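# Structural overview
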Amino acid sequence: MRDAEQVLFAGGGHDRAAQLRGDEARLAALAADPAARALPLWRGKALVSEAREEGGFLRLAWLPLDHPFVAEHGGDRVFLGLADGAARFAVDVSGWEAPDLDAAAMGRFADGSLNRPPGLEGRAFAELRAHMGMLDPEEAGVAATAKGVLGWHATHGFCARCGAASRAAEGGWRRACPECGGQHFPRTDPVVIMLVTRGQSVLIGRQAGWPEGMHSLLAGFVEPGESLEAAVRRETFEEAGIAVGRVTYLASQPWPFPSSLMIGCHGEALDAEIRLDPVELEAARWATREEILAGLSGRDPALRPARRGAIARFLLERWVADALA
Ligand SMILES: [Zn+2]
């Protein structure tokens, strides 16, 4: 698909400088450089600048590594790469206790609440999924990388082989076990998300608990020993009882909630009769281009496509515009 890399979070344009990760002396020198910057992440939320021009994007808020807030609350640190010769790091500041914590908001489908740390006027921690439509496309990929790797550290402190506490290595891109020598790497879990079509209609569904009217494309985790094509066919049949023939790859999206890679595929349905799996889906239906267009433009409250920034919406927009090639 021609514009596949315009998917949000897929902007892999930043220089990861992966060749430097194993060079501890060089990383230490880069971290000591006053030009080095850190992106603080608090419980998965990235620090953004609240000041934005009309219609402009939210920008990530980078801080010097010796900023008091980072110095006081900084935990795990990951080397993200270089920008203009200076190092960029992601720093986990989850130890900070937010005074204005809205616990209910943090548990919602998408947490739109902002948490404002002291001494950082005009900046706030924002959940990436809730603010997808406002993120600077270039920076969104960096934010996704930071969230994905820091989230992995937060949940993988112990060796999966022997249970001993492991240590971060290689600028945060590996964890090493001092007991058994086990090496562990940040994981990415493949998920197929499929635009299944039959003639001029597309298969959409919704899960219980989603916001009212929201529909999306069907999706599911790829299992061990399974190709993408096989996963598309299995998931579509399991969830909606639809057999799928030809499958082609369209585009992918890093989805660090917590560690998925969404792999967008086109599947050609072989039949039309939907047999729903009520455990997986609350509803599934065929929708025409006109119906999807009405949903995309907000004219149909009963059919609200996935939010701006999600690959499901990206694929539906291209499908109605006949721009999948
Ligand atoms: Zn071990």
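Note that this is a predicted model, so its numbers are computed, not measured.

### Details of the coordination of the zinc ion
- Coordination sphere of the zinc ion, protein contribution only: Cys159 (SG), Cys162 (SG), Cys177 (SG) and Cys180 (SG), at 2.2 to 2.4 Å.
- Given four donor atoms and angles of 102 to 116° at the metal, the environment of the zinc ion is assigned as tetrahedral.
- What makes Cys159 buried here is its relative accessible area of 4%.
- The partly exposed category is assigned to Cys162, whose relative accessible area is 40%.

### Remarks on the nonpolar core
- Ranked by size, the top nonpolar core spans 54 residues in total, and within it Phe9, Leu60, Leu195, Val202, Leu217 and Ile292 carry the most contacts.
- Beyond its immediate stretch of four places on either side in the chain, Leu60 contacts Leu39, Ala46, Leu47, Val48, Glu139, Val142 and Ala143.
- Counting residues in hydrophobic clusters, the runner-up holds 24 residues, among them Ala17, Leu47, Phe79 and Val91.

### Notes on the packing of helix α6 (residues 289-296) against helix α7 (residues 311-320)
- Between α6 and α7, whose axes approach to 10 Å, the crossing angle comes to 130°. If you check the angle between α6 and α7, you find them oblique. Considering the relative orientation of α6 and α7, their crossing is left-handed. Contacts between α6 and α7 involve Arg289, Ile292, Leu293 and Leu296 from the first element and Arg313, Leu316, Glu317, Trp319 and Val320 from the second.
- Each residue belonging to the contact of α6 with α7 can be placed in one class, and the counts come to six nonpolar, no polar and three charged.

### Overview of α7
- Burial of α7 is extensive: nine of the 10 residues sit out of reach of the surface.
- For α7, the full list of buried residues reads Ile311, Ala312, Arg313, Phe314, Leu315, Leu316, Arg318, Trp319 and Val320.
- One or two steps after α7, the chain reaches Asp322, where phi turns positive at roughly 55°.

### Focus on the sheet that holds strand β9 (residues 174-176)
- Across the sheet, which stays open at both edges, the three strands sit in the order β8-β9-β10 with antiparallel pairing between neighbours. In this open sheet, the two edge strands, each paired with only one partner strand, are β8 (167-169) and β10 (183-184).
- Across two bridges, the pairing between β9 and β10 is antiparallel. In the strand pairing of β10, Ala176 is matched with Gln183.
- The strands that helix α4 (residues 137-155) touches are β8, β9 and β10; relative to β9, the one it contacts most, it runs at about 20°.

### Quick notes on the packing of aromatic side chains
- Under the criterion given, the structure shown has nine aromatic pairs.
- Ring centres of Trp42 and Phe125 lie 5.9 Å apart, and the angle between their planes is 40°; on these two criteria the pair is classed as tilted. Taken together, the residues span a long stretch of sequence, with Trp42 in strand β1 (residues 37-42) and Phe125 in strand β7 (residues 123-126) at a distance of 83 residues. Pair check on accessibility: Trp42 and Phe125 agree, each one buried.
- Between the aromatic rings of Phe69 and Trp96, the centroid separation amounts to 5.7 Å while the plane-to-plane angle is 75°, which identifies the pairing as edge-to-face. On the criterion of sequence distance, the pair formed by Phe69 in helix α2 (residues 68-73) and Trp96 in the loop between β6 (86-92) and α3 (103-106) is long-range, its members being 27 residues apart.
- What makes Trp96 buried here is its relative accessible area of 4%.
- Taken together, the ring pairs connect Trp42, Phe69, Trp96 and Phe125 into an aromatic cluster.

What counts, and where the lines are drawn
Residues numbered from 1 in each chain as written. Predicted model: local features only at pLDDT ≥ 70, side-chain atom pairs only at ≥ 80, totals over all residues. Heavy atoms only, no water. Donors = N, O, S within 2.8 Å, 3.2 Å for Na, K, Ca; no water. Tetrahedral: all angles 85-135°; square planar, octahedral: opposite > 155°, others 65-115°. Buried < 20%, exposed > 50% of the residue type's maximum accessible area, 1.4 Å probe, protein only. Core = buried A, V, L, I, M, F, W, Y, C linked by side-chain atoms within 4.5 Å. Contact = heavy atoms within 4.5 Å. Axes fitted to C-alpha atoms, helices over the stretch in contact; angles between N-to-C directions. Helix = DSSP H or I, 4+ residues; strand = E, 2+ residues; numbered from the N terminus. Parallel < 35°, antiparallel > 145°, perpendicular 65-115°, else oblique. Left-handed = near helix turned anticlockwise from the far one by under 90°. Nonpolar A, V, L, I, M, F, W, Y, C, P; charged D, E, K, R; others polar. Pairing = 2+ DSSP bridges. Phe/Tyr/Trp six-rings, centres within 6.5 Å; stacked < 30°, edge-to-face > 60°.

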